Every structure is written in structure tokens, then in C-alpha cells.
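An overview of the molecular structure
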There are 2 protein chains.
Amino acid sequence: MTTKVDIFSQKIVLIGAGNVAFHLANALHNTPHNIVQIYNRSEKRLADFKNITQNLTNNLQDIFPNANVYLLAVSDDAIEKVAAQLPIHKQSIVAHTSGATPSTVLQQHPHHGIFYPLQTFSRHKTVNWSNIPLCLDGNTPETLTILQQLAQSINPNIYFINDQQRQQLHVAAVFANNFTNHLFAIAQDILQKQDLSFDLLKPLIQETVIKIQKHPPKKSQTGPAVRGDLQTMQRHLDLLKNLPNYQQLYQLLSKSIGDF
Amino acid sequence: MTTKVDIFSQKIVLIGAGNVAFHLANALHNTPHNIVQIYNRSEKRLADFKNITQNLTNNLQDIFPNANVYLLAVSDDAIEKVAAQLPIHKQSIVAHTSGATPSTVLQQHPHHGIFYPLQTFSRHKTVNWSNIPLCLDGNTPETLTILQQLAQSINPNIYFINDQQRQQLHVAAVFANNFTNHLFAIAQDILQKQDLSFDLLKPLIQETVIKIQKHPPKKSQTGPAVRGDLQTMQRHLDLLKNLPNYQQLYQLLSKSIGDF
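The notes below deal with the structure included here. (Residues numbered from 1 in each chain as written. Chains lettered and ligands numbered in written order. Predicted model: local features only at pLDDT ≥ 70, side-chain atom pairs only at ≥ 80, totals over all residues. Heavy atoms only, no water.)

All names here are of chain B. Using the criterion set out here, one finds twelve aromatic pairs over all chains in the structure. With 5.8 Å between their ring centres and 85° between their planes, Phe22 and Phe49 make a pair best called edge-to-face. One end of the pair, Phe22, is in helix H1 (residues 19-29); the other, Phe49, is in the loop between strand S2 (34-39) and strand S3 (56-57), and 27 residues separate them in sequence. Taking relative accessible area as the criterion, Phe22 reaches 17% and is therefore assigned buried. (Phe/Tyr/Trp six-rings, centres within 6.5 Å; stacked < 30°, edge-to-face > 60°. Helix = DSSP H or I, 4+ residues; strand = E, 2+ residues; numbered from the N terminus. Buried < 20%, exposed > 50% of the residue type's maximum accessible area, 1.4 Å probe, protein only.)

The next point concerns the sheet that holds strand S3 (residues 56-57) of chain A. Residue and element names in this part refer to chain A. An order of S3-S2-S1-S4-S5-S6-S7-S8 is seen for the eight strands of this open sheet, with the pairing classed as mixed. Edge strands, defined here as strands with exactly one partner in the open sheet, are S3 and strand S8 (158-160). Where strand S4 (residues 69-72) and strand S5 (residues 93-96) come together, four bridges link them in parallel fashion. Residue pairing across strands places Leu71 opposite Ala95, the latter belonging to S5. Across the sheet, helix H1 (residues 19-29) lies against strand S1 (11-15), strand S2 (34-39), S4 and strand S6 (111-117), angled at about 160° from S1, the strand it touches most. In this fold helix H4 (residues 163-192) packs onto S5, S6, strand S7 (134-138) and S8, with an angle of close to 25° to the strand it touches most, S6. (Pairing = 2+ DSSP bridges. Contact = heavy atoms within 4.5 Å. Axes fitted to C-alpha atoms, helices over the stretch in contact; angles between N-to-C directions.)

Turning next to the packing of helix H9 (residues 244-259) of chain A against helix H4 (residues 163-192) of chain B. Where H9(A) meets H4(B), the axes come as close as 11 Å, and the angle between the chain directions of the two elements is 50°. Between H9(A) and H4(B), the crossing angle belongs to the class labelled oblique. For the pair H9(A) and H4(B), the sense of crossing is left-handed. Taken together, the residues of H4(B) that come into contact with H9(A) (itself represented by A:Tyr246, A:Leu249, A:Tyr250, A:Leu253, A:Ser254, A:Ser256 and A:Ile257) are B:Val174, B:Phe175, B:Asn178, B:Phe179, B:His182, B:Leu183 and B:Ile186. (Parallel < 35°, antiparallel > 145°, perpendicular 65-115°, else oblique. Left-handed = near helix turned anticlockwise from the far one by under 90°.)

Here it is in C-alpha cells:
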């Protein structure tokens, strides 16, 4: 990046009113940039944004045509359709916030890019933006520079990540977040069947996560599968005999650990 | 539990010199109880215990016969064999520290039980015992009371857990710790193939674990599988086409989330 752009206030239209939109709106509201309008398909969720701007609309045709940046924080399957309907100037930048969606769905806009905050958001939980990697991409250096300005106004911790990387990153995030959460849910279910509290496992889970802060998870691997302890693995499979889904996961995950 | 036993100093022989033995020795050393001897198969690892006691042996026949409690912190497959060879009085309590091993392997000893600290231990990492659930069992009320005394001298956070519960707890721990760690390793591998740092995912992983402190993991489940977002799942499977093991895990875990 050699292009230099003076820092000035960007006019932003936010598209969407979900959790990502909600927290982005509140973060950008406290920067030199201005959220000048928020669109959402349904009027209901817009009420949460009254402290950000009075310009709230659920009509695509009412979207201001001359903002600098349009941030699309809508569901993955809506991005392409909404982007195609935006009644905006060609000079404007259109960026979406999705980890899973290629930037090509925005290619009808001459200036398009990605503004992907890599975190899971809950509506009513305060977000610490300094701890959230912002993954950026842009189809031109100027686009990337403007998105970088926006990003750095809420967190200096930015990454330039191209389409292929971002999509693989999203797969990795599914493994590290969605799938691990499901394993926690299975663990809790196994405990509940024995009238045992999930609290029993929380310190162990915390320790697992503390370890990977300093050591690669591959090197921290413990348990019967990595030891090749067939006797314990067989005992575990017997204990899961009435839970064939868990048994199947146990087998495949153990095999994967053994082969890793 | 109605039996009351006065708190007094128990004489403990520790069997084993691995990570559990090491941290248990150091914890019990700071209580009214006395570790009077430590046995280990190999002499080498005993050197780490010189600050605990001078009575270190690698000869089973030299084990003191008249201690109150023999704590077996040896590998799972060695417990039964070592327990069978202990040259000790019938009044003594023999307990092992394993989550995976039934207490029946100790049944030749009239007083036997379980002293299972539910945590993963690293040799050189300080242990916060106040954060480790101690899972206890005993074949008689007196045995359980003595083990409870020992446990409470290092952490009031104790659980009475029978054999069946403990074995299921151990399976659950494999899901919550070993398997999740493996998923972190897979995520790191996917990122490395794209020259991306695993640091990108650490905030997301931390958030996943913070969420389950307050909310059941089943209710916090996010991602394409729980949304039934077939398009994103297919895209992810395509991205994993050169990694058939990961593809297979992705399919089975997604199906499991969908069915949960």
C-alpha cells in the first residue's frame, strides 16, 4: 500500500440491522466518520438504531445515492440480491461484512471490497473491538485505503486478506468456533444424562484455550487417541453404545487425531 | 454422608511421578497431611520430588506397608497391575487418580476409592487447585471421608461421583478437551496453507469459551449447519476438496449439529 489518502470523514450507509450491523454502527458512531443512513428490510429492527441516525428506511429506493461507503451487513444469501438493487453512484464503495461470501457478488459495483470483522456477535453483549481482527480487501488500491481508514478508526488490528484466504479462514472459523461449540454441547448432553453439571468441565475447557495462546494446538494434543490407547477408546465407544451419533463422531475424530 | 472423622494428618504414599503425581505432591505438601514416600517405576523422574520427601523408591517391595492412603497416579494401563503388587496393610486406603479407569480394578483392597482431579496438567505450569474439580468416590463411607479430607485440604470444590458417572464424565472430557483441541489444530492447519496466522482465530475461540460460561452451548450454537445454510456448507465442502479427512469431519459435524 503506497497510496496515501488524507483522513477525513466518510459518509457511510449501513445496510442491515442484525448483530454485526448493530455493533458496527455503534463502533463507527464514535469515530470521525458518519453513518448517514441505515436500511433494513424490516422496519422493526431499525428501532435499535435511533441513537445513530434519524435516517432509517426499509425501502431500498430511498437509499441515499451519494454516500462514500455502503456497508452490507446482511445475511450471506441476501448480499448479492441487495447489492444488485442499490440505487447508488458508481463512485461509491460497496463492501460486505461476510466471511463466507466471495467479493465477486459485488462486481457490478466498480469499487467494491470486504470489511469482515472476525468474531461472533451477540446483540446485547458489549464488543471489545480492540480484540477483533478486521479482515479487509478491495478491488482497487483506493477502495482498500478508504476501508482501511474506516477499520483503523475502530481498531488498528487490521489484516489484508484476499478472497481465497478469507473463504478458507471462514472454513477454519467454522472448525474453531461452530464445531467446538457443538462438541461442548455434546459434552453437556453426556453429563446431563448422568445428572452431572457442565460446570465440572469448564475449568478443563478454559485450560484448553489458555494452552493454545502459547503453544500450537497440535503440540498440546492429549488424550487416548494421540496416545494410541486402544483400550480406553474401546471403553469409551462401549459407553456411547446408546448414542450412535456420538459414537460415530468419537471414532472419526479419534482416527483424525491418530492420522494427524 | 453422616460419618464424621476428626481432621488429622494422613500419611500418604504417592505412587507415580508423572504430571498428576507431581502437582498432587506439591499441593498435598502444603497441607496438614504428610507424603511419607513416593514410588516410581523409573528412578529418573523421582528427582523432581526431593523437596517433598527423602523417601523415594523405584522398588515396589520397599513401599511402606502402613501408610493411611496410597494414591495411584500412574498411567491407566498400569493401575491394576501396580495395585495388585502393593505390599500393604488391609486397613490402608488405595485410591487412583484416573477418570477413565473403573474402581473395580482396586477391589482386592478392602478400602478403595477414587481421587480424580479433572484437569489437564503440564509439568512446568503452575496449577490453580481452587479451579480444579476433585471427583471422589469410595467403597465405604470411611474411605470416602478420608479422601474428602485430603481433597478439601487442597480445594473445597469437591464432587462425589460414582464409577458410571466418572466414566461418562471422562468421555465428555474427551469431547470437550481432546476433540476441541484437535479442531483447533485443523483450523490452524487450514490457515497455514493460506499463509495466515492462527492469531486471527484466537479472539473468536476466546469468545466461544466466554459464552459457555453463562449460556448452555446448545443455545449459543451459530454457523451454517444450525441455520441450515446448504449453500455455504456446499461452498465449504468444495474449499476442502483436497483435504478429504477434513471434508468428512465437516460433513459429520454439520449433520450432528443439524440433528441435535
